[in-house]
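Per-entry structural report
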Amino acid sequence: MNYAEIILPLPLAGTFTYRIPSEFQSTVQAGSRVVVSFGKKKIYTGIVLKLHSESPSDYQPKELLDVLDDQPVVNKSQLVFFQWMARYYMCTLGEVINAALPAALKLSSESFVGIKPDINPLDVDVTDREWELLRALKTNDLTMKDVSEVLNLKQPQRVLKQLSEKGLIDLFEKVKDKYQPKKVKRIRIADTFMDEGMLEGLLNELESKTKQQDVILAYLREVPVLDNPDTNKTGILKSKLLSENLSPSSLKTLIKNQVLIEWEEIVSRLPSGDQRANAEITLSQVQQHCKKQILQSFEDHNAVLLHGITGSGKTEIFIELIKEQINSGKQVLYLLPEIALTTQIIARLHRIFGDSFGVYHSRYSDNERVEVWQKVLNKEYQFVVGVRSAVFLPFSDLGLIIVDEEHEPSYKQFEPAPRYHARDSAIYLATIHKAKVLLGTATPSLETYQNALDRKYGLVELTSRYGEAYNPKMEFANVQRERKQKKLKGNFTSVLVEAIQESLDKEEQVILFQNRRGYASYITCDNCSTIPKCPNCAVSLTYHQYNNKLVCHYCGYNQSMYSDCLSCGSKELRNVGYGTEELEEEIKLLFPQAIVQRMDLDTTRSKYGYQRIIEEFEEGNIDILVGTQMVSKGLDFDRVNLVGIFDTDRMIHFPDFRSHERAYHLITQVSGRAGRKSKNGKVVVQTNDPDQELLQRARNDNYKAFFQWEIMEREQFYYPPFTRLINITFKHREKTISFQAANFFAADIRKNLGNQRMIGPVEPLIGKIRNMYLHEITLKIEKQGINLPAVKDYLRSVEQMMKQMPAFKSAGVVFDVDPI
């Protein structure tokens, strides 16, 4: 095999052929990382897709520069999975690889400056500044950042250009490995002093050097070298030894005099796996029967839906199934929609499995994610808990994938490509491994439930809460009526205020749910009606009081809040709408004695932000938790007996065909946080219209009735699960070009697919994001009687045809398959 087909981490179609030099013929394998040059100067880490003997006919292939791995970091099952994802979600293999590989596994190239050989700075005619740089380059090659520091210039390009024109320097790329193993320093006593007599002599010699003697005595207290000489081989962590308030300089002297030996050891950033927990789970008779039904259903179906109401004990069933798979030697992937939920589940799993499983999510550092990847690759982890990106891990023998809260929109990737859905991708991944998939939720997505009714999936139901827990009682607070009666206290109805006071009197906890972060939706001037808007997006700026800024939640643009209107100078500025930040402020004023905490994106940005808040709430250190949808996702708190839900009508009437489904899911899920144990829980829903049908169905907790009601509309208007959707978004800095590109595309679709399958082109609700104007086309493709892969190929061909036209060459086209 003389050639390798390489996937580069770039949004370019296809793969690229490189010639394999003779020195790499025996080492390069499919799935290995290789270093290749691409373009004139750039260097990338690519993945070998396959080896072959066919030279490309239209260009002379370059050689591989290096092979980075003795053994492939990507296995054959993953390569099959990546190719399916690129085809199904209409993206490139490079985009899939970019999303799949932890950043630290991808080498990056960095620009360096070097002096040409045989150049002596003293022998050339240069300026003082140029001479200073040449002198520094004589010692080492420098990065652009280094050059800036040497010259004390922010922009050194002019100096570099002059030196390059004089033929004195070279500009080139160097490969930099991002992954750095974690190293710790350890200390042990030199072998010379392992004899008791020699050790006693050493201590006597150090009588006058008490600080050095203290170091030796501290070491001997921690490491009993005389009783067990083998303990000296591992010694002690240097950091632990110095934690005894010892003198660092005395330790340094002892190392210099070779009394103590210092060395570096590579260690894992992950838990050791030595800790084993003995906590046992005893399933109730209902849970045992449910587990038996799941196993029976797996005999006929590759995927099974476990539809269990909130608090029914689905997690315990998951754990028992995981144990069985591990005992049979198989691997298990347990997917969760949010890092917030991951935090609490991990704590529960540690009590069962100790440290023998891996955790994979975006709050882990790049190096930590590489180590999880390697442990899965080497089969050190049989069981991994993770968010959607965990589907990319290098499993070799999956037996079971559990998708918890399968209905959650968080499983869908929005930006950038691949715009995959982890639930649907997990089902395909399971077919590659001949594994089973268990989908768990109290509120199935309509597509999943329809698949279960059509017998594509098995269906098992849990209809009662675990143990002595009861379903919470739902009560509606009429906001419109209380506003007329002037009973509202800020954004709180009297019904909710009384319920909160009652809970606090009983020393129970409260969760308040508002699916909007920030303080106010926007600011308006009562004098001239000016609303501050984002200069990059067609949206108003959201006011955040904690840092006194107006922020765009789409592009991140922010500006300081002002006291006078920027248009007319008036001080009559008013907040419109409210978010979690304003609710937090109001609840503190209404209940000054209560301990209140907010949980949203702004308060959980740090690595352990979620964990800290959840642990404090679990331990009873927080009375009232105000949060966005993070608080709705399967969390389990013993002391919560009241949930308050705000702004319900906005969720229900949002202009989207899924708005009723999303609202029902959120209301049901957040309600399920109340009354998880033997106490009766209560839910207060604030709304302007308590009689609307969706709320009545949510109060009765009758998913089947909701499904029948909603599915009729879906069928009538030809929406999923009766069709497949493909959204096509057109982007350009000029609105007219975006619109014209969308119309060009639409005209071809009408001609070849018919007008009845297409909606648009239209300007979306947010018509401008990050200075790009947007237009959209939505395709509704029937599930039967049409070749979906052929439709996708056709759409790609129209895109290529459009891109060949000068007017649309710079227009962006984004395909989103199965959008939510």
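The structure presented is a predicted model; accordingly, all values stated were derived computationally and were not measured.

**Description of the overall build of the protein**
Within the protein one finds 26 helices and 34 strands. Taking 820 residues into account, the globule formula puts the C-alpha radius of gyration at 28 Å, and the protein, at 31 Å, falls close to it. C-alpha atoms of the protein, sized along the principal axes, occupy 85 × 75 × 70 Å. Taken over 820 residues, the protein has a buried fraction of 53%. Distance between charge centres in the protein, computed from 105 positive and 105 negative side chains, equals 4 Å.

**Let's talk about helix α23 (residues 693-700)**
Among the residues of α23, those classed as buried are Leu-694, Leu-695, Arg-697 and Ala-698. The buried residues of α23 occupy an angular sector of 160° when the element is viewed end-on, so they sit on one face. Buried positions along α23 lie against β19 (473-478), α21 (648-652), α22 (659-671), β29 (682-687) and α24 (703-716). Positive backbone phi, approximately 50°, marks Asp-701, located one or two places after α23.

**Some remarks on the side chain of Arg-673**
Relative to the helices and strands, Arg-673 resides in the loop between α22 and β29. Glu-405 is the oppositely charged side chain nearest to the buried, salt-bridge-free Arg-673, at an N-O distance of 5.3 Å. Among the polar contacts listed, one links the side chain of Arg-673 to the backbone oxygen of Gln-669, at a separation of 2.9 Å.

**Looking at unusual backbone geometry**
With an omega dihedral of 15°, the bond running from Pro-720 to Pro-721 counts as a cis peptide bond. Within the secondary structure, Pro-721 sits in the loop between α24 and β30 (723-732). Residues Gly-760 and Pro-761 are joined by a peptide bond in cis, for which omega reads 5°. With respect to the helices and strands, the residue Pro-761 is situated in strand β31 (residues 758-762). Residues other than glycine seldom take positive phi values, yet Asn-771 does so here, at roughly 65°. Among the structural elements, Asn-771 can be located in the loop between β32 (768-769) and β33 (772-782). Look at Asn-771 and you get partly exposed, because its relative accessible area is 28%.

**Details of the packing of helix α11 (residues 285-298) against helix α12 (residues 314-327)**
The contact between α11 and α12 brings their axes to 10 Å, and the two run at 50°. Of the possible angle classes, the one that applies to α11 and α12 is oblique. Relative to α12, the crossing made by α11 is right-handed. Between α11, through Gln-287, Cys-290, Lys-291, Ile-294 and Leu-295, and α12, the contact on the second element is made entirely by Glu-316, Ile-317, Glu-320, Leu-321 and Glu-324. Class assignment of the residues belonging to the contact of α11 with α12 gives a composition of five nonpolar, one polar and four charged.

**Some thoughts on the nonpolar core**
Ranked by internal contacts, the top residues of the largest apolar core, which has 147 residues, are Ile-728 and Leu-795. If we skip the residues at most four places from it in the chain, Leu-795 touches Met-90, Ile-726, Ile-728, Phe-745, Ile-749, Leu-779 and Phe-815.

**Some points on helix α15 (residues 422-433)**
Between its first and last C-alpha atoms α15 spans 16 Å; for 12 residues at 1.5 Å apiece the expected length is 16 Å, and the two agree. For α15, the complete set of buried residues consists of Ala-422, Arg-423, Ser-425, Ala-426, Ile-427, Leu-429, Ala-430 and His-433. Check the buried side of α15 and you find it contacts α1 (76-88), β13 (331-335), β16 (398-404), β17 (436-441) and α16 (446-453). Directly after α15, the chain includes Lys-434, whose backbone phi takes a positive value near 55°.

**Digging into the state of the cysteines**
For the coordinates displayed, the defined rule picks out zero disulfides. No disulfide involves Cys-528; its sulfur sits 3.7 Å from that of Cys-565, the nearest cysteine.

**Quick word on the sheet that holds strand β24 (residues 558-560)**
Spatially, the three strands line up as an open sheet ordered β22-β23-β24, and their pairing is antiparallel. Each edge of the open sheet is held by one strand with a lone partner, namely β22 (542-544) and β24. For this sheet, the mean angle separating the axes of adjacent strands, direction not counted, is 30°. In this structure, β22 lies alongside strand β23 (residues 549-551), joined through three bridges in antiparallel fashion. Residue Thr-542 lies in a different strand from β23, and its bridge partner there is Val-551.

**Considering the pattern of salt bridges**
Under the definition given, this model contains 38 salt bridges. Between Lys-506 and Glu-502 there is a salt bridge, and its shortest N-O distance comes to 3.4 Å. Overall, Glu-502 belongs to the partly exposed group, its relative accessible area being 43%. Between Asp-600 and Arg-598 there is a salt bridge; the shortest N-O distance is 3.0 Å. Of the two residues, Asp-600 and Arg-598, both sit in the buried class.

**Quick look at the confidence of the model for the protein**
When pLDDT is averaged along the protein, the result is 89, and 95% of the positions lie at 70 or above. The weakest mean pLDDT in the protein belongs to strand β8 (residues 169-176) at 71; the strongest belongs to α15 at 98.

**Some remarks on the pairing of strand β1 (residues 3-7)**
Counting buried positions over the five residues of β1 gives five, a clear majority of the element. Covered by surrounding structure in β1 are Tyr-3, Glu-5 and Ile-7 together with Ala-4 and Ile-6, the residues of both alternating faces. When β1 meets strand β4 (residues 42-52), the two strands line up antiparallel, connected through five bridges. Paired with Tyr-3 across the strands is His-52, a residue of β4. With four bridges connecting them, β1 and strand β2 (residues 16-19) associate as antiparallel partners. Following the sheet pairing, Tyr-3 is matched in β2 by Arg-19.

**Remarks on the pairing of strand β9 (residues 182-189)**
With eight bridges joining them, β9 and strand β11 (residues 260-267) adopt antiparallel strand pairing. The residue of β11 that forms the bridge with Ile-187 is Glu-262. In this sheet, strand β10 (residues 236-237) lies alongside β9 in antiparallel orientation, the contact comprising two bridges. Looking at the pairing, Arg-186 lines up with Leu-237 of β10.

**Some remarks on the environment of Pro-409**
Looking at the element boundaries, Pro-409 is found in the loop between β16 and α15. Taking the C-alpha atoms as reference, Pro-409 lies 9.7 Å from Ser-445; in sequence the two are 36 residues apart. Pro-409 has contacts with Phe-414 and Ile-820, leaving out every residue within four places of it along the chain.

**Comments concerning the sheet that holds β10**
Read from one edge to the other, the open sheet built from three strands follows the order β10-β9-β11, with strand pairing classed as antiparallel. Looking at which strands have only one partner, the edges of the open sheet turn out to be β10 and β11.

Conventions used here
Residues numbered from 1 in each chain as written. Predicted model: local features only at pLDDT ≥ 70, side-chain atom pairs only at ≥ 80, totals over all residues. Heavy atoms only, no water. Helix = DSSP H or I, 4+ residues; strand = E, 2+ residues; numbered from the N terminus. Rg over C-alpha atoms; globule rule 2.2 N^0.38 Å. Buried < 20%, exposed > 50% of the residue type's maximum accessible area, 1.4 Å probe, protein only. Lys, Arg positive; Asp, Glu negative; His and termini not counted. Charge placed at Lys NZ, Arg CZ, Asp CG, Glu CD. Arc of directions from axis to C-beta. Contact = heavy atoms within 4.5 Å. Salt bridge = Lys/Arg side-chain N within 4 Å of Asp/Glu carboxyl O. Polar contact = N/O pair within 3.5 Å; in protein donor to acceptor, adjacent residues only side chain to side chain. Axes fitted to C-alpha atoms, helices over the stretch in contact; angles between N-to-C directions. Parallel < 35°, antiparallel > 145°, perpendicular 65-115°, else oblique. Left-handed = near helix turned anticlockwise from the far one by under 90°. Nonpolar A, V, L, I, M, F, W, Y, C, P; charged D, E, K, R; others polar. Core = buried A, V, L, I, M, F, W, Y, C linked by side-chain atoms within 4.5 Å. Expected span 1.5 Å × (residues − 1). Disulfide = S-S within 2.5 Å. Pairing = 2+ DSSP bridges. pLDDT = per-residue confidence, 0-100.

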